[in-house]
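Okay, here's what each chain looks like letter by letter:
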Protein chains: 4
Amino acid sequence: MNESIHNVDTGRLIVQGADRPGIVASVSGVLTRYGANIVSLDQSSSDPSGGRFFQRTVFHLPGLAARLPALQDALEVELGEELGLDFRLVEASRHKRAALFVSKMDHCLLDLLWRQRRGELPMTVRMVVSNHPELAGEVRQFGIPFFHVPVEKGNKAAAEKEQLNLVKGNVDLVVLARYMQILSGDFLDEVGVPVINIHHSFLPAFMGAGPYQRAKERGVKLVGATAHYVTEELDEGPIIEQDVIRVSHGESVRELQRKGADVERLVLSRAVAWHCEDRVIRDGNTTVVF
Amino acid sequence: MNESIHNVDTGRLIVQGADRPGIVASVSGVLTRYGANIVSLDQSSSDPSGGRFFQRTVFHLPGLAARLPALQDALEVELGEELGLDFRLVEASRHKRAALFVSKMDHCLLDLLWRQRRGELPMTVRMVVSNHPELAGEVRQFGIPFFHVPVEKGNKAAAEKEQLNLVKGNVDLVVLARYMQILSGDFLDEVGVPVINIHHSFLPAFMGAGPYQRAKERGVKLVGATAHYVTEELDEGPIIEQDVIRVSHGESVRELQRKGADVERLVLSRAVAWHCEDRVIRDGNTTVVF
Amino acid sequence: MNESIHNVDTGRLIVQGADRPGIVASVSGVLTRYGANIVSLDQSSSDPSGGRFFQRTVFHLPGLAARLPALQDALEVELGEELGLDFRLVEASRHKRAALFVSKMDHCLLDLLWRQRRGELPMTVRMVVSNHPELAGEVRQFGIPFFHVPVEKGNKAAAEKEQLNLVKGNVDLVVLARYMQILSGDFLDEVGVPVINIHHSFLPAFMGAGPYQRAKERGVKLVGATAHYVTEELDEGPIIEQDVIRVSHGESVRELQRKGADVERLVLSRAVAWHCEDRVIRDGNTTVVF
Amino acid sequence: MNESIHNVDTGRLIVQGADRPGIVASVSGVLTRYGANIVSLDQSSSDPSGGRFFQRTVFHLPGLAARLPALQDALEVELGEELGLDFRLVEASRHKRAALFVSKMDHCLLDLLWRQRRGELPMTVRMVVSNHPELAGEVRQFGIPFFHVPVEKGNKAAAEKEQLNLVKGNVDLVVLARYMQILSGDFLDEVGVPVINIHHSFLPAFMGAGPYQRAKERGVKLVGATAHYVTEELDEGPIIEQDVIRVSHGESVRELQRKGADVERLVLSRAVAWHCEDRVIRDGNTTVVF
């Protein structure tokens with residue numbers, strides 16, 4: 001799942017739009033004419049007649065960096081103008097730049113930082129932003145800047161402005177790694193990059209606050225976590241990944257939280273890796289994950 | 001998990017009530033004085049101080065059937081009167097008698113009937129009741145009576161009366177194996193035995209009708225099923241068991257239903273087995289499953 | 001995962017061979033020229049330079065049955081002669097014809113028969129062959145011929161000859177649904193169609209007989225099952241699917257067998273479905289599963 | 001699963017031996033006489049007649065520390081002398097002291113250190129011992145001593161002597177957190193405390209070196225990890241915990257290792273937590289895990 005790292009001549013082409021016959025042939029035709037060898041190709045249609053079309057292609061092209069503009073131009077003509085499709089052309093060796101937002105709980109944050117250091121994630125963490133100061137030392141040991149932006153009653157708009165100053169233009173992605181504040185619609189409009197959140201329940205069960213407490217009261221036998229793109233509708237954004245873990249009657253809310261934390265960090269890390277590898281395509285309020 | 005079958009001298013004692021020091025000692029003291037050897041014992045307290053106490057004990061006692069009444073009397077004094085506890089004393093060789101309610105989908109029904117025929121479930125299916133005639137032939141091949149009780153607009157009360165006539169006194173358990181009618185509070189009051197339902201979602205997500213359709217629209221990455229005791233509050237009864245299965249963007253609602261059906265039959269069969277082995281203790285709106 | 005049923009104009013094209021640039025473009029070019037719309041396409045290479053290439057394409061082509069021969073000819077030229085690739089072109093509406101071999105245990109057999117009856121498997125069961133008579137009645141209730149071919153010491157060659165007479169030319173697939181005899185290399189050579197087996201362990205752990213007994217003795221915490229193509233090397237054939245289930249110290253060998261049976265039937269059914277949907281490509285002693 | 005932390009008056013009593021009637025009653029009788037309230041009790045017998053008996057009891061006893069010696073004496077008489085049973089009496093608030101052995105891979109080590117820092121494990125890490133120097137900085141940031149004991153051809157006996165000097169008397173447990181050296185039988189005899197290892201395969205599949213490479217070649221669909229007590233027989237010790245994760249044909253050996261690492265750290269952390277909570281009882285070459 002990690003074909004990007006260490007390969008400077010690997011590219012990715014993501015295509016989506018209204019389905020019609022011949023798209024795959026057009027895409028692969030262009031790539032072949034430009035000397036690219038397709039390494040893997042995943043394609044899906046929501047409906048064979050009149051549905052939406054999604055394709056992710058990974059290809060190898062010697063001298064990719066130099067030849068990218070010409071390929072981009074050709075695709076704009078053949079896919080954009082002629083077929084009316086949206087596409088993105090990406091160099092796999094260019095890692096996504098990310099800001100991680102966190103409050104006090106460190107399990108998701110540390111898992112991302114540690115995977116990045118091990119080279120498991122095609123992502124460069126540019127900064128960590130927190131509404132609390134506690135994790136500063138931990139973050140800086142990884143050699144990453146830590147910014148403390150307190151959010152208190154009444155100063156939320158100002159705090160978001162400060163956050164926007166930090167991240168705008170500097171990152172391609174914001175990851176909420178257990179950031180316990182709700183971001184406003186204005187922030188989401190302004191920030192201009194995808195925002196991924198980890199919610200500590202198996203959405204749509206236990207939307208909102210206190211999901212483990214409510215799971216305990218409801219007597220569920222599994223607790224879960226959901227990574228999703230953030231939208232203005234709280235806990236309603238497109239789901240990227242989910243997983244669950246078994247719990248039993250003998251476990252307290254605190255033990256559910258601990259078990260849940262293991263699921264949260266794994267689900268968030270998977271979602272971030274897939275996003276950074278351009279595997280996730282948004283389709284309305286759902287996602288296609290190749 | 002199936003210690004009951006083939007062992008005529010095996011008993012089970014289920015105890016629950018307000019926790020206090022010394023209950024385990026009292027229970028095991030009585031059993032030991034009566035010559036029982038404890039085969040397995042599971043015990044749990046909701047809170048060490050002032051919580052609720054739950055215990056399931058499996059014991060071996062030569063000549064159990066003859067000695068049961070005396071043991072029952074002793075327990076009534078020592079557990080009931082002196083400690084204020086509720087208890088149930090059960091011969092493991094006495095299978096629960098069950099009525100299975102079903103509509104048209106056969107996967108949960110067949111799974112229960114197969115398992116019963118193979119001797120996997122300590123349950124005797126006394127009858128199958130359906131609001132549709134389609135599964136009559138299938139059921140009767142297992143040598144089990146099939147009763148067709150149509151439920152139409154306006155005759156629900158009459159239909160429930162007929163159902164009550166069939167099951168009351170004849171069964172210890174009603175299992176709704178994809179029975180697509182809502183049972184009234186009156187029915188539940190009257191029937192006097194536990195009713196287990198399989199709901200085709202991971203409750204509390206997608207309560208109500210059409211859960212797979214809604215799961216598809218919400219873009220979830222796992223679909224699940226929930227077996228629970230039926231209460232007047234629809235889809236709110238105590239959960240016995242849950243499980244999930246992974247789905248992907250490429251699967252239609254129909255494919256979700258198929259995958260979900262595999263989970264439904266497994267979850268329901270487990271829940272029924274555990275109930276019939278007296279492993280499930282209701283605790284308000286939750287359960288303890290030993 | 002079941003795109004084949006009910007769609008008479010759906011075709012599948014499976015391609016494999018030495019990887020080289022331009023294969024995807026060639027394949028999709030031919031399909032597009034012949035008017036096919038690609039519904040889904042999965043492609044994989046074992047290594048971007050000098051590896052093996054695998055592709056499964058599902059396409060929609062109005063009037064498929066009539067146009068198949070011309071498409072086959074074109075592919076033979078463009079893929080076979082020019083690119084040196086192997087390919088198979090399949091009408092999705094033509095179900096695989098299967099023979100199920102079974103001994104006494106019915107759980108895998110019934111699961112396949114029942115899924116076939118529900119329309120979940122693009123497979124037509126032509127016959128059930130057993131070395132024991134016990135399951136005849138059960139099989140015939142599904143309207144399927146049952147042939148009893150006893151296998152005793154000394155008559156194995158004769159029995160295999162009889163089995164070959166039954167299946168050769170009549171089926172596209174043999175499924176060993178807990179058939180407890182080892183098939184000879186001669187049988188496998190002669191039969192000329194794939195043979196799928198379900199092994200009652202997580203291969204390569206516990207190869208050979210008595211896996212649950214040995215799993216119990218080894219104290220494993222999960223038991224599993226493996227569906228694989230049968231080769232002359234016992235339990236060494238290419239693996240199609242595997243799964244596991246959690247077990248605990250308190251469970252007897254018999255209980256392990258019961259839990260394992262739930263995994264066996266699920267794993268075998270999945271493997272058979274994937275095979276019948278042409279999702280499984282053999283690659284030496286491994287498989288690619290799209 | 002973590003009832004020990006923050007509760008100074010919680011004790012645990014682990015009992016094992018030849019099964020006979022009345023053990024549970026005796027144990028709970030003693031505890032009750034000494035004023036203990038049983039919080040949870042798990043009991044299991046390998047066979048109702050003539051099997052082995054296992055019990056884990058968690059109890060609450062005000063002033064536990066002061067009253068422990070008297071309770072110990074009473075248990076020695078009633079369980080040891082009269083019933084011939086082995087038992088261990090433990091204060092839950094006394095954390096196990098552990099030495100972690102590691103080579104170069106940090107994922108298991110860091111997971112244990114993180115969990116310890118968060119208070120998830122009732123364990124105090126006294127030292128980390130490594131045959132390589134690379135992880136010294138990482139470990140010392142947690143405030144834990146790091147000892148570098150190189151192991152080279154010909155000096156293994158001397159290295160083990162140095163390791164024994166470090167750990168003997170100082171720790172209650174040695175955890176091999178991806179320590180890539182085989183410990184000698186002499187070391188195991190001398191060290192006198194349990195040694196837990198994480199093996200990077202689903203034992204008994206792929207015993208020995210290079211399991212992910214061999215898993216890839218065998219084409220398995222799941223890879224796993226196994227935590228076990230170390231014995232002189234390599235990879236044959238009693239299994240504490242196992243888990244697996246799904247892999248696909250498209251993943252390289254390196255990707256299998258990455259996915260496997262997620263399972264390894266989770267399985268090892270669970271096994272260590274359970275051991276430190278006295279949930280694991282060795283029974284010959286298997287374990288009972290309560």
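Residues numbered from 1 in each chain as written. Chains lettered and ligands numbered in written order. Predicted model: local features only at pLDDT ≥ 70, side-chain atom pairs only at ≥ 80, totals over all residues. Heavy atoms only, no water.

Enquirer: In this structure, what is going on with the environment of B:Pro145? I would like to understand it.
Expert: Residues and elements named next belong to chain B. Here Pro-145 shows up in the loop between α4 (136-140) and β7 (146-148). Along the backbone, Pro-145 and Asn-285 are 140 residues apart, and their C-alpha atoms lie at a distance of 33 Å. What Pro-145 contacts, discounting residues up to four positions off in sequence, is Arg-126, Met-127, Val-128 and Val-139. (Helix = DSSP H or I, 4+ residues; strand = E, 2+ residues; numbered from the N terminus. Contact = heavy atoms within 4.5 Å.)

Enquirer: Where do I start with the relation of the copies chain B and chain A in this structure?
Expert: Both copies of the chain are tied together by a single rotation about an axis and a shift running along it. Of the transformation placing chain B onto chain A, the axial shift is 0.1 Å and the rotation is 180°, giving an RMSD of 0.1 Å. Taken together, these values place the two copies in the relation of a two-fold axis. Identified as the residue of chain B closest to the rotation axis by C-alpha distance is B:Ala205, at 2.2 Å. A high fraction, 100%, of the interface residues of chain B reappear at the interface in chain A, so the copies pair face to face through one surface. (Least-squares fit on C-alpha atoms with pLDDT ≥ 70 in both.)

Enquirer: Got a minute to help me understand the domain arrangement of chain A in this structure?
Expert: A common measure of how large an interface is: the accessible area buried when the components associate. Residues and elements named next belong to chain A. According to the domain assignment, chain A consists of domain 1 (10-91) and domain 2 (96-289). Each of domain 1 and domain 2 was reduced to a C-alpha centroid, and the two centroids are 31 Å apart. With 10 residues of domain 1 in contact, the opposing surface of domain 2 contributes 10 residues. Taken over both partners, the interface formed by domain 1 and domain 2 buries close to 810 Å², and the fraction arising from carbon and sulfur atoms is 47%. Note that Asp-278 and Arg-88 form a salt bridge whose closest N and O atoms lie 3.1 Å from each other. Joining domain 1 to domain 2, the criterion identifies seven residue pairs in polar contact (both at pLDDT 80 or more). Of all the secondary-structure elements, those providing two or more residues to the side of domain 1 that touches domain 2 are β1 (10-18), β3 (52-60) and β4 (86-91). Class assignment of the residues belonging to the side of domain 1 that touches domain 2 gives a composition of four nonpolar, two polar and four charged. (Domains from an automatic or database assignment. Buried area = accessible area lost by both parts, 1.4 Å probe. Salt bridge = Lys/Arg side-chain N within 4 Å of Asp/Glu carboxyl O. Polar contact = N/O pair within 3.5 Å; in protein donor to acceptor, adjacent residues only side chain to side chain. Nonpolar A, V, L, I, M, F, W, Y, C, P; charged D, E, K, R; others polar.)

Enquirer: Help me understand helix α3 (residues 107-118) of chain D, please; the structure alone is not making it clear to me.
Expert: Because each turn of an α-helix spans 3.6 residues, side chains separated by three or four positions in sequence point in the same direction. All names here are of chain D. Given a rise of 1.5 Å per residue, 12 residues ought to cover 16 Å, and the 17 Å separating the end C-alpha atoms of α3 matches this to within 8%. Taken together, the buried positions of α3 are occupied by His-107, Cys-108, Leu-109, Leu-110, Asp-111, Leu-112, Leu-113, Trp-114, Arg-115 and Gln-116. Two residues or fewer after α3 comes Gly-119, characterised by a positive phi angle close to 80°. (Expected span 1.5 Å × (residues − 1). Buried < 20%, exposed > 50% of the residue type's maximum accessible area, 1.4 Å probe, protein only.)

Enquirer: Honestly, the sheet that holds β3(A) in this entry has me stumped. Any pointers?
Expert: Paired through backbone hydrogen bonds, the strands of a sheet run either parallel or antiparallel to each other. Across the sheet, eight strands lie side by side as β4(A)-β1(A)-β3(A)-β2(A)-β2(C)-β3(C)-β1(C)-β4(C); this open sheet has antiparallel pairing. Because the sheet does not close on itself, it has two edges, and the strands there are β4 of chain A together with β4 (86-91) of chain C. Taken over all neighbouring pairs, the strand axes of this sheet differ in orientation by 15° on average, direction set aside. When strand β2 (residues 37-45) of chain A meets β3(A), the two strands line up antiparallel, connected through eight bridges. (Pairing = 2+ DSSP bridges. Axes fitted to C-alpha atoms, helices over the stretch in contact; angles between N-to-C directions.)

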